[in-house]
Amino acid sequence: MADNSRNPDTFRIILLGTGSPRPNPERQHPAALVQWSEGGEDGQMLVDAGDGVVGQLLAANIPLQQVQNVALTHMHWDHILGYPAFVWGSWNAGRLKLTVTGPEGTSAMHHQLVESYYREQAEWAIDLGFPRPGWDDVTVRDVPVGWSETIADCLVEAGPVYHPPMHALAYRFTYRGRSLVVTGDTAMCDELIAFCQGVDVLVIDACAAAPSPDLPPERRRLIERLHEFHASPQDCIDIAAKAGVAKVVLTHHLPGVTPEFDAAGYTGEVVTGEDLDVIDI
Ligand SMILES: [Zn+2]
Ligand SMILES: [Zn+2]
């Protein structure tokens, strides 16, 4: 297994979960880890924390306590079910602080799913010997489109997506002249195309694949409606082409669906993301 515990001099994304809400033994719920490092200083940020995130971080050989930054794209359950498990698991592994960034609703989610429900159990764990800072030194902030921060020399910016009715964000990472956008969930939108302009790697929601004709009509109707708030694989290629993206990575896949698209008008590379893929930027 690759030793991912210390980042080599690199800038990369590890796809931890490439699935969609529908349970799938081959794909966990959405989550990815962005890592950057040069000359000893390094940073990493977990983007989304769907169900299975803790097991996938361990499967990728990432020490949980090293992950001290989380960025959430939106509060749909498939992107946050693993969040309380991550807070507990990383604290159990020795994490002492945590900064969580996300759109409107993030602080309320943390309060309801972690602080409110588990405070009493956390105090009991602290009494047992867990370090108090790992629970109390947690900063959670709701940020708007346009927010940015430099973390260990990497510029992290929040950008626009279209995923009604949710408040939702994409994140752009710029490090040593290279750049990455992770969209979270989104339908096609011009603001996203502008936000991804010229990036080296775009990891994007391709959930709105055409339903198989053998599905029952009600299931087909449901999948067709996904296009109102998710991109289709073809939309992803078109966004990448319009934005001049060098490599587009399709994620958020439905079980049993192979993304279909015509990439004739796109000169970049198309990758269908799989769980635990490591993509250098
Ligand atoms: Zn969503
Ligand atoms: Zn989703």
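Nothing here was measured: the structure is a model prediction, and the numbers come from that model. (Residues numbered from 1 in each chain as written. Chains lettered and ligands numbered in written order. Predicted model: local features only at pLDDT ≥ 70, side-chain atom pairs only at ≥ 80, totals over all residues. Heavy atoms only, no water.)

### Points about the nonpolar core
In a soluble, globular protein the nonpolar side chains are often hidden away together inside. Quick reminder of the rule: Working definition of a nonpolar core: buried Ala, Val, Leu, Ile, Met, Phe, Trp, Tyr and Cys residues. They are joined through side-chain atoms within 4.5 Å. Any residue under 20% of the maximum accessible area for its type is buried, any over 50% is exposed, and the rest in between are partly exposed; the area is computed with a 1.4 Å probe on protein chains only. We call two residues contacting when some pair of their heavy atoms lies within 4.5 Å.
Ranked by internal contacts, the top residues of the largest apolar core, which has 31 residues, are Leu16, Leu46, Val53, Leu57, Leu72, Tyr83 and Phe86. Every residue in contact with Val53, bar those within four places of it in the chain, is listed here: Leu16, Ala31, Leu46, Asp48, Gly82 and Phe86. In terms of nonpolar packing, the next biggest core, distinct from the first, is built from 27 residues, Leu15, Leu169, Tyr171 and Val249 among them.

### Overview of the coordination of the zinc ion (ligand 1)
Tetrahedral coordination by four donors sets the ideal angle at the metal to 109.5 degrees; octahedral coordination by six donors sets it to 90 or 180 degrees. Convention followed: Shown as donors are all N, O and S atoms within 2.8 Å of a metal ion, widened to 3.2 Å for Na, K and Ca; because water is not in the atom set, sites may appear incomplete.
Listed as protein donors to the zinc ion (ligand 1) are His74 (NE2), His76 (ND1), His163 (NE2) and Asp185 (OD); their distances from the metal cover 2.1 to 2.3 Å. Between the zinc ion (ligand 1) and the zinc ion (ligand 2) the interatomic distance comes to 3.6 Å, and Asp185 is a ligand of both metals. By relative accessible area, which is 24% here, His76 ends up partly exposed.

### Section: the sheet that holds strand β6 (residues 138-142)
Going by this rule: Strands were regarded as paired on the criterion that DSSP finds at least two bridges between them. Elements are defined by DSSP. Helices are runs of H or I of four residues or more, strands are runs of E of two residues or more, and each kind is numbered from the N terminus. Fitted lines through C-alpha atoms give the axes, limited to the stretch in contact for helices. The angle between two N-to-C directions lies from 0 to 180 degrees.
With mixed pairing, the 7 strands of this open sheet are ordered in space as β6-β5-β4-β3-β2-β1-β14. Bordering the open sheet on either side are β6 and β14 (278-280), each of which pairs with just one other strand. Mean inter-strand twist for the sheet, computed between neighbouring axes without regard to direction, equals 20°. In this structure, strand β1 (residues 10-17) lies alongside strand β2 (residues 31-38), joined through 7 bridges in antiparallel fashion. Across the sheet, the residue bridging to Leu15 is Ala32, located in β2. Packing of helix α3 (residues 83-92) onto the sheet brings it into contact with β3 (41-49), β4 (69-71), β5 (98-102) and β6, and relative to β5 it is tilted by some 165°. Contacting β5 and β6, helix α4 (residues 106-128) crosses the sheet at an angle of about 140° to β6.

### Here's the deal with the packing of aromatic side chains
Applicable threshold: Only the six-membered ring of Trp is used, alongside the rings of Phe and Tyr, when aromatic pairs are assigned; centres must lie within 6.5 Å, and planes under 30 degrees apart are stacked while those over 60 apart are edge-to-face, with the rest tilted.
By the definition in use, this model includes 8 aromatic pairs. Each ring, one from Trp88 and one from Tyr118, has its centre 5.6 Å from the other, and the planes form 85°; the classification is edge-to-face. One end of the pair, Trp88, is in helix α3; the other, Tyr118, is in helix α4, with 30 residues separating them in the sequence. Seen in terms of ring centroids, Tyr117 and Tyr118 are 5.1 Å apart; in terms of plane orientation they differ by 90°. Their pairing is edge-to-face.

### Some thoughts on the coordination of the zinc ion (ligand 2)
Rules: Square planar and octahedral assignments, for four and six donors respectively, both demand that opposite donors be over 155 degrees apart and that all other angles lie between 65 and 115; tetrahedral needs four donors with all angles between 85 and 135 degrees, and anything else is irregular.
Coordination of the zinc ion (ligand 2) by the protein is provided by Asp78 (OD), His79 (NE2), Asp185 (OD) and His252 (NE2), with metal-donor distances spanning 2.1 to 2.2 Å. Taken together, the 4 donor atoms coordinating the zinc ion (ligand 2) span angles of 89 to 162° at the metal, a pattern that classifies the geometry as irregular. Each donor residue of the zinc ion (ligand 2) belongs to the same chain, and together they define the spacing D-H-x105-D-x66-H. Under the relative-accessibility criterion, Asp78 is labelled buried at 2%. The class for His79 is buried, based on a relative accessible area of 1%.

Honestly, that's just the spatial picture; any functional story needs more than this.
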